[in-house]
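Residue-level listing of the chains:
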Amino acid sequence: MGIIYHEQEHIFKLDTPNTTYMIGLIDEERFIGHVYYGKRLRDTNLSFWKQQLMGPLPSRRNRERVSFMDAYPQEYPTHGIGDFRQSAFEVKTVSGHRAVGITYKSHQIYAGKPKLSGLPATFGNKEECTTLELLCVDQHLNLEVILSYTVFEHIDAITRNVKIRNQSKDSIMLTKALSLSFDLPDKGYEMITLHGSWARERQIERRKIGHGIQGVSSIRGESGHQEHPFIAIVSEHTTEELGEAYGVNFVYSGNFTAVAERSQFDLIRIQMGINPVEFEWELKEKEEFTTPEAVMVYSSQGIGTMTRTFHDLYRNHLIRGEYKDKKRPILINNWEATYFNFTTEKLLDIARNASKLGIEMLVMDDGWFGKRNNDDCALGDWVVNEEKLPGGLEYLVNEVNKLGMKFGIWFEPEMISPDSELYRKHPDWAIQIPGREPSQCRQQFVLDYSRKEVRDYIYQRISKILHSANIEYVKWDMNRPLCDLGSYALEAKNQGELSHRYVLGVYEVQEKLITEFPHLLLENCSGGGARFDPGMLYYSPQIWCSDDTDAVERLKIQRGTAMIYPISCIGAHVSDCPNHTVGRITPFETRGHVALAGTFGYELDVTKISKEDQEMIPKQVALYHKHNDLIRTGDYYRISSVLDDPCRDCYMIVAKDKSEALVTYVQVLARPNFQSYRIYLKGLDPDAMYSWEEMNLTQSGEAYMQAGIDITGLWGDYKSMLIHLIRVE
Ligand code: GLA
């Protein structure tokens, strides 16, 4: 059992294999304090820890209540009763007051992990998980707040979420309801976040945590290209292998906030949840609100271990469905090959050539429906354009299937073009404020997914298309953020619920889709990687990582993405050169090596590329088949990064049983008068012997890791190589 209540000390001790999290109840009032999070504790004198970490309590509590509230480390701080740091929970009552305060009432500890209704969440059975529910109350408001914690017995991860139940007769407005908060004594901590933009998502950034509030957020209605629902708190000297790292990640795909606040007494408060900007939720009598889940991972062995813990958690306890543990078909997508300019014949031409080279699936991207010949129109009109596709989908898909290939299709189901049949019929289905001209983005509006009739209509359109032919893959795209927030279906006082209701609506439709089509491979996408988050991973086992397919840019984007997300879910393709986003020309071989650290596929016109590049495809396909099991299931290690050294990038994947490893080395820029580069491998069994397949060399794991290996013989910029090590004894 990973959770024990120590009655005498009033401490809940939550243990994973290598970490401990402790919650303490403070004296007769039963405040819920945060005691400890870090390396697993063997010590049984828990009172010492409580006393040491929570500080002495003022003896004349009521006289100095504010000083107490404003200083003690809290588990779920509330607004307006004396803690002036960032709160996790705020309300507005019918009488207009905002203060709320919770104290412990009771708890239960049980094996397993409950589902979160309508929300994505990690899962685990009774052998794998133990859950603690702390029932807390605000007696004045008659509100119940249930703080839930689940520990994983075999993975160093703890998940949290909060339920709020209104037991009073009056309705109450929730104005902030975060999913996670805890306070750590500062040890000179720094913060790692992922920032970005379209075509350069999830770049790693590290900064010192100063006094006051710092963090990342989104109010775009999606997690976004720009900032990411993830923070790692690391000590100053933390490296890939050494030092403390606390990672928190949000299993949600809409507006978020993630902050670290350093207080006057040098406590660091870490918080994560739905962004209170653009959030309100009315709770009527007996109603309940459930926050999304937040994940916490602690590593005392550096950032690398934190990363691998997230990978294991998400591969085993978040990603679902038929493809969870399966190799994905190698696809060719026609977007960069043709953009909107294609016909059945053109697609079949691509498919015929691709199938001969070993490619296994054709994906038809944007432009197959309504009058969609550019991105100005037709979103919402999910009817096949038979001018482009004579014989419709059935003919095209049958022909593709005859080549031995699968067929996939693109949708953007959350959108509506002002120039569409759907908008002309249902202008009120778009999110907008009556009377105010809404802002367009890529000349489109967002559908109001808070409305059941909208969700049902769109779902029915998708379902009909999927039933009309043998379609085995869907790319679900979402190409603009939300603004002009207004729903024709919500009352004035409930307009603040739209952003969250929208996300719940998207989840509902995706759940329906994968339930009705359990064999479908779903890939989420959002203008590249604007919604690459654990929420979407619950529905689709892979997500398109970025519209930037340049191999060098991808090194940075995939590195940041793999900070948290397993390689098995990172959508990566070999595309044409000069690259359509940056104009860079990189060798076809390098593009292939970089795309192997992902789902792998192609995004080019295979009929137009050079003969040499064409000839390389079967070799890359063979590499994919040879290494994909290892890449999907192994442990990922960062070795060096083009962000730190513009000349090179290197990472490796080691099999769980350490029987083999694959190193990818990219010489980003050649350096004159340098005979070799030395890299030090990681994660191997030091006592085992490994043969380097491409060279005639057998060495111990220890030698590969401690003496390292020399990279020689790469001539020119953007050159790359794979090193495959196989354990021989
Ligand atoms: C987005 C996606 C691309 C492509 C286009 C189609 O930008 O990220 O891969 O599907 O939309 O419009």
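Residues numbered from 1 in each chain as written. Predicted model: local features only at pLDDT ≥ 70, side-chain atom pairs only at ≥ 80, totals over all residues. Heavy atoms only, no water.

## Some points on the overall build of the chain
Helix and strand counts for the chain come out as 14 helices and 39 strands. Each principal axis of the C-alpha distribution contributes one length, and for the chain these read about 85 × 70 × 45 Å. In the chain, which comprises 729 residues, the proportion classed as buried is 62%. For the chain, long-range pairs separated by at least 24 residues make up 69% of all intrachain contacts whose partners lie at least 6 apart in sequence. (Helix = DSSP H or I, 4+ residues; strand = E, 2+ residues; numbered from the N terminus. Buried < 20%, exposed > 50% of the residue type's maximum accessible area, 1.4 Å probe, protein only. Contact = heavy atoms within 4.5 Å.)

## Topic: the side chain of Arg269
Within the secondary structure layout, Arg269 lies in strand S17 (residues 267–274). Among the polar contacts listed, one links the side chain of Arg269 to the backbone oxygen of Gln86, at a separation of 2.8 Å. (Polar contact = N/O pair within 3.5 Å; in protein donor to acceptor, adjacent residues only side chain to side chain.)

## Some remarks on the packing of aromatic side chains
A full pass over the atoms with the stated rule returns 43 aromatic pairs. A ring pair is formed by Phe31 and Phe68, whose centres lie 5.2 Å apart and whose planes are at 50°; its orientation type is tilted. Of this pair, Phe31 sits in strand S4 (residues 31–39) while Phe68 is found in helix H2 (residues 65–69), placing the two residues 37 residues apart along the sequence. For the pair Phe31 and Phe68, a shared accessibility class is recorded, and that class is buried. When the centroid spacing of 5.4 Å and the interplanar angle of 90° are considered together, the rings of Trp368 and Phe411 count as edge-to-face. In this pair, Trp368 sits in the loop between strand S22 (361–364) and helix H6 (392–402) while Phe411 sits in strand S23 (residues 406–411), placing the two residues 43 residues apart along the sequence. The same class applies to Trp368 and to Phe411, which are both buried. (Phe/Tyr/Trp six-rings, centres within 6.5 Å; stacked < 30°, edge-to-face > 60°.)

## Describing the nonpolar core
Counting 192 residues, the largest nonpolar core has Trp368, Ile409 and Tyr602 as its most contacted members. Of the residues forming this core, the biggest block, eight residues, is contributed by helix H9 (residues 498–516). Excluding residues within four positions of it along the chain, Ile409 makes contact with Val363, Met364, Trp368, Leu393, Ile465, Leu466, Ile471, Tyr473, Val474 and Lys475. Counting 24 residues, the second-largest nonpolar core is a separate cluster that includes Tyr677, Tyr690, Tyr704 and Ile709. (Core = buried A, V, L, I, M, F, W, Y, C linked by side-chain atoms within 4.5 Å.)

## Quick word on the site of the ligand
Surveying the vicinity of the ligand reveals 13 residues, the closest of which are Asp365, Asp366, Lys475, Gly528 and Asp547. A distance of 2.9 Å separates an oxygen atom of the ligand from a polar atom in the side chain of Arg442. Taking Asp547, its side chain carries an N or O atom lying 2.5 Å from an oxygen atom of the ligand. Within the complex, the protein chains bury 96% of what would otherwise be the 310 Å² of accessible surface of the ligand. (Near = heavy atom within 4 Å. Areas by Shrake-Rupley, 256 points an atom, 1.4 Å probe, with all protein chains shown as cover.)

## A short note on the layout of surface pockets
The calculated volume of the largest pocket comes to roughly 450 Å³. Lining the largest pocket are 29 residues, with Trp198, Asn479, Gly527, Gly528 and Asp547 positioned closest to its centre. Grouping the amino acids of the lining of the largest pocket by side-chain chemistry returns 10 nonpolar, eight polar and 11 charged. If you count residues domain by domain, the lining of the largest pocket takes at least three from each of domain 1 (3–317) and domain 2 (331–633). In this structure, the second largest pocket occupies an estimated 330 Å³ of space. Looking at the second largest pocket, it is lined by 20 residues, and the ones nearest its centre are Trp281, Glu288, Phe289, Arg501 and Leu504. With four residues, H9 is the single largest residue contributor to the lining of the second largest pocket. Across the lining of the second largest pocket, the residue classes break down as six nonpolar, five polar and nine charged. (1 Å grid on protein atoms, 1.4 Å probe; cavity = no way out; pocket = protein on both sides within 12 Å on 5 of 7 lines; lining within 4 Å. Points joined across faces, edges and corners; volume = space filled by probe spheres on them. Nonpolar A, V, L, I, M, F, W, Y, C, P; charged D, E, K, R; others polar. Domains from an automatic or database assignment.)

## A few points about the sheet that holds S23
The nine strands are arranged S29-S28-S27-S26-S23-S22-S21-S31-S30 in an open sheet whose pairing can be described as parallel. Taken across any chain shown, the strands that pair with only one partner, and hence form the sheet edges, are strand S29 (570–571) and strand S30 (574–575). In this structure, S23 lies alongside strand S26 (residues 473–476), joined through four bridges in parallel fashion. The residue bridging Trp410 from the neighbouring strand is Lys475, located in S26. Contacts from helix H5 (residues 344–357) reach strand S21 (331–333) and S22 within the one sheet, and its direction differs from that of S22 by about 155°. (Pairing = 2+ DSSP bridges. Axes fitted to C-alpha atoms, helices over the stretch in contact; angles between N-to-C directions.)

## Digging into the pattern of salt bridges
Should their charged atoms come close, side chains of opposite charge can pair. For the structure shown, the criterion picks out 51 salt bridges. Among the ionic pairs, Arg451 bridges to Asp428, the shortest N-O distance being 3.2 Å. Placement of the pair is Arg451 in the loop between strand S25 (445–446) and helix H8 (452–468) and Asp428 in the loop between helix H7 (421–425) and S25, with a sequence separation of 23 residues. Using a relative accessible area of 9% as the deciding quantity, one classes Arg451 as buried. Judged by relative accessible area, Asp428 falls into the partly exposed class, the value being 25%. A salt bridge links Arg648 to Asp645, with the shortest nitrogen-to-oxygen separation between them at 3.1 Å. Owing to a relative accessible area of 15%, Arg648 belongs among the buried residues under this scheme. A network of salt bridges, in which partner residues are shared, links Asp83, Arg85, Asp183 and Arg269. (Salt bridge = Lys/Arg side-chain N within 4 Å of Asp/Glu carboxyl O.)

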